[in-house]
Amino acid sequence: MPSIASRFIVVAAFLVLAVFPASDVLAAPNTMVPFKARDPGPRPNPASAIPNPVDNLNAQEGALFNESLLRVSELEGTCDTCAQQPGNALPSDPDPKNPFSPLRLVNSAGMGPVFNADQCFACHVQPMIGGSTPAVNPAPIFAHRLGGTNVVPSFEEPNGAFRETRFKFNPDGTRDGGVHSLFTVKGRSDAPGCNLDQPDFEAAVHDKNIAFRIPLQLFGLGLIESISDTAIRDNLKANQEAKQRLGIGGHPNMVPNNGTISRFGWKAQNGSITTFAGEAYNVEMGISNDLFPISRSEVPGCNVAYVFFDTARTEKELYQDPLKIMPAWLMFTVFMRLVEAPKPAPLTFTAARGQQVFNEIGCALCHTPSFQTLGVANPTTPAQQIGPHTVALRGQQVNLFSDLLVHHMGATMADNIVQGGAGPDEFRTTPLWGVGQRLFFLHDGRTSDLTMAIMDHFSAEGSDGGDNPAKDEQSHKYGPSEANAVVQQFNRLSESDKQSVLEFLRSL
């Protein structure tokens, strides 16, 4: 017959299990510790840092994609005569992780006086080339390349996300909202006459006049570009009863030139990946081009490159080569259009449960699981000749997990920047494909924890902005976040169901 003590232990254990389901309890020696859901962390990076193109490209498209890898991996300097090794060829000092990229010797040109980075894939590199911001912040490398005397701003933390900056207001109180480049070419050996100082970032931080953005991943953008406006509008109209019950609205940011739906960038401020590419070359690397022909700074002694610089190649040896005639910024468009979408991991039992819960609590009402591109690969009638010109992009399922609309997110997200029809607290629903291997979350990279990213989707009306690094004296004026009801439903889940959702997200 069991002793009184042993019977007491059995009864106590039964009471614990009655309060905490078995799936929510972790047993430690002589203790019963409540289970708490936590982000399992990013999945391992792929074996190769070189991305693949979308399936079924023809031979010419495949050649263009390979050329785009070479071009957008180039390390930029200011002038052709300053290059340390020949351009338009594989580098003599390749990065072991990227044979298309120089490790340290400059092989391209065109940088203007102000810039954020001197190489596309130094920022877009996690988990492979074309991804998002890496684990180690590359800002110190950019700041001091070729003898640059830049000071690395305090918000560029060594193991934090690489951040570009926008200033909210001009000194006279009018709206600014533009990118203020982190660095100048002052002190560099390829711009010996430049004495241009950096902006006063510390004053902007002190005055709460600064907002941050981190690099977005570039995978699958050709598929997103191929989604029709009609499909986006139809999805906006779908599930209206459920959306209204949860307080979800959303609207497209429109391209002012032609009235189509803009869909690229944190606020859907760019209507095409061509615009995205031209802007990136001009704003991030200071390279003037066909789309943005004026230098961002015209300070005497600092403009060493021709303006505009990056245009169709007319040198005889390049002009006669179909792979070389296009400018580098346009080859960046080719890369983004043809690179494949993120590959999800096979769903475990827990992740499959998480997908179900993700849909049940309303996450999928904004993070739309998929769209379909128009067209068929081999049309047989004129009526079938619709969809993307690139056959490989026709009739494809695009599992992006975004509605491509902008939504009010309240003070916890607001950056007080207006871009087109996207207001100071509005952001595009970020596509979740690839989130399983991202290291930093939200537009400003404030967290590496998926749970915290979910929590920061909540913002009550009148909130002071919580942990938002861009909060200011206007924060309390914002209305509630459209995600509030969904976050509340997430919070009411059992810890095991929360864990399932996190496991599902890390499978994407």
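Residues numbered from 1 in each chain as written. Predicted model: local features only at pLDDT ≥ 70, side-chain atom pairs only at ≥ 80, totals over all residues. Heavy atoms only, no water.

> What exactly am I supposed to notice about the side chain of N282 here?
Its place among the elements puts N282 in helix α8 (residues 273-284). Each residue touching N282, except ones within four places of it in the same chain, is listed here: I287, S288, N289, F292, I294 and R296. (Helix = DSSP H or I, 4+ residues; strand = E, 2+ residues; numbered from the N terminus. Contact = heavy atoms within 4.5 Å.)

> Would you mind showing me how to read the confidence of the model for the chain here?
Segments scoring low in pLDDT should not have their predicted coordinates read at a detailed level. Per-residue confidence for the chain gives a mean pLDDT of 93, with 94% of residues at or over 70. Contacts of residues 1-28 to residues separated by more than four positions or lying in other chains number 20 contacts, the stretch itself having pLDDT below 50. (pLDDT = per-residue confidence, 0-100.)

> Where do I start with the environment of D290 in this structure?
Within the secondary structure, D290 is located in the loop between α8 and α9 (316-319). Note: C-alpha distance between D290 and A312 (22 residues apart in sequence) is 8.5 Å. When neighbours within four sequence positions are excluded, D290 is seen to be in contact with F308, D310, T311, A312, P327 and W329. Polar side-chain contacts of D290 include one of 2.8 Å to the side chain of T311. A distance of 2.8 Å separates the side chain of D290 from the side chain of W329, its partner in a polar contact. (Polar contact = N/O pair within 3.5 Å; in protein donor to acceptor, adjacent residues only side chain to side chain.)

> For this particular structure, what's the right way to read empty space enclosed by the protein?
Take a probe with the size of a water molecule and roll it over the atoms, and the empty space left behind shows itself. Applying the stated rule across the entire model yields four cavities of 30 Å³ or more. Along the walls of the largest cavity sit 38 residues, with H367, T430, L432, L442 and H457 positioned nearest its centre. Within the residue set of the lining of the largest cavity, elements represented by two or more residues are β14 (426-428), α12 (450-455), α13 (484-491) and α14 (495-507). Here the lining of the largest cavity is built from residues that sort into 26 nonpolar, nine polar and three charged. Empty space within the second largest cavity amounts to approximately 430 Å³. Counting only elements with at least two residues in the lining of the second largest cavity, the list comes to β6 (164-167) and α8. Looking at the lining of the second largest cavity, the element that brings in the most residues is α8, giving five residues. Partitioning the lining of the second largest cavity into residue classes produces 14 nonpolar, five polar and five charged. (1 Å grid on protein atoms, 1.4 Å probe; cavity = no way out; pocket = protein on both sides within 12 Å on 5 of 7 lines; lining within 4 Å. Points joined across faces, edges and corners; volume = space filled by probe spheres on them. Nonpolar A, V, L, I, M, F, W, Y, C, P; charged D, E, K, R; others polar.)

> I tried to follow the pattern of salt bridges on my own but got confused; where do I start?
Note that side chains of opposite charge can pair when their charged atoms are close. Counted by the stated rule, this structure contains 18 salt bridges. E495 is the partner of K498 in a salt bridge, and the nearest nitrogen-oxygen pair spans 3.1 Å. Here K498 pairs with E495, and both are found in helix α14, just three residues apart, close to one helical turn. In this structure, a network of salt bridges that share partners links the residues D444, R446, D456 and D467. (Salt bridge = Lys/Arg side-chain N within 4 Å of Asp/Glu carboxyl O.)

> Help me understand the state of the cysteines, please; the structure alone is not making it clear to me.
Cysteine pairs can be linked by a disulfide, which is a covalent bond between their two sulfur atoms. The full count for this structure, using the stated rule, is two disulfides. Each sulfur in the disulfide pair C79 and C82 lies 1.9 Å from the other. Where C79 bonds to C82 through sulfur, the torsion about that S-S bond is close to 45 degrees, and the disulfide is right-handed. Each sulfur of the disulfide joining C194 and C302 lies 2.1 Å from the other. In this structure the cystine formed by C194 and C302 twists about its S-S bond by roughly 90 degrees; its chirality is therefore right-handed. You can see C194 sitting in the loop between β7 (183-184) and α4 (201-206) and its partner C302 sitting in the loop between α8 and α9, a full 108 residues away along the chain. When sorted by exposure, C194 lands in the same class as C302, which is buried. (Disulfide = S-S within 2.5 Å. Buried < 20%, exposed > 50% of the residue type's maximum accessible area, 1.4 Å probe, protein only.)

> Hey, could you run me through the layout of surface pockets in this one?
If you add up the space inside the largest pocket, you get close to 700 Å³. Taken together, 27 residues line the largest pocket, and the ones lying closest to its centre are D95, K97, F121, A122 and V125. Among the residues making up the lining of the largest pocket, the classes are represented as 17 nonpolar, seven polar and three charged.

> Would you mind going over the packing of aromatic side chains with me for this structure?
By the definition in use, this model includes eleven aromatic pairs. With a centroid separation of 5.9 Å and an interplanar angle of 50 degrees, the aromatic rings of F115 and F183 are classed as tilted. Of the two residues, F115 is situated in strand β5 (residues 114-115) and F183 in strand β7; the sequence distance between them amounts to 68 residues. For the residue pair F115 and F183, the accessibility class agrees, reading buried in each case. (Phe/Tyr/Trp six-rings, centres within 6.5 Å; stacked < 30°, edge-to-face > 60°.)

> Even after reading the chapter, I still don't get the nonpolar core, so can you show me in this structure?
What tends to happen in soluble globular proteins is that the nonpolar side chains get buried as a cluster. Counting 48 residues, the largest nonpolar core has Y281, F332, F335 and M336 as the members making the most contacts within it. Those elements giving two or more residues to this core turn out to be α2 (59-71), α5 (221-225), α8 and α10 (328-338). Residues contacting M336, with those up to four places away along its chain left out, are L218, L221, G222, I273, F276 and A277. Formed by 40 residues, the second largest nonpolar core is a distinct cluster that contains A161, A242, A351 and V435. (Core = buried A, V, L, I, M, F, W, Y, C linked by side-chain atoms within 4.5 Å.)

> I tried to follow α14 on my own but got confused; where do I start?
Think of an α-helix as 3.6 residues a turn; residues three or four steps apart then line up on the same face. When the terminal C-alpha atoms of α14 are compared, their 18 Å separation across 13 residues agrees well with the 18 Å that a helix rising 1.5 Å per residue should span. Within α14, eleven of the 13 residues are buried, leaving the element largely enclosed by the surrounding structure. Residues of α14 that are buried in the fold lie against α11 (349-360), α12 and α13. (Expected span 1.5 Å × (residues − 1).)

> Looking at this structure, I do not really get the pairing of β6. What am I missing?
Of the two faces of β6, the one holding E164 and R166 and the one holding T165 and F167 are both buried throughout. Direction of pairing for β6 relative to strand β8 (residues 210-213): antiparallel, over a ladder of four bridges. Pairing of E164 across the sheet is with R213, part of β8. (Pairing = 2+ DSSP bridges.)

> Help me understand the side chain of E164 in this model?
Structurally, the position occupied by E164 is in strand β6. Apart from residues no more than four positions distant in its own chain, E164 is found in contact with N116, V179, A211, F212, R213 and E284.

> Help me understand the environment of I227 in this model?
Relative to the assigned elements, I227 resides in the loop between α5 and α6 (229-237). I227 sits 251 residues away from Y478 along the chain, and the two C-alpha atoms are 32 Å apart.

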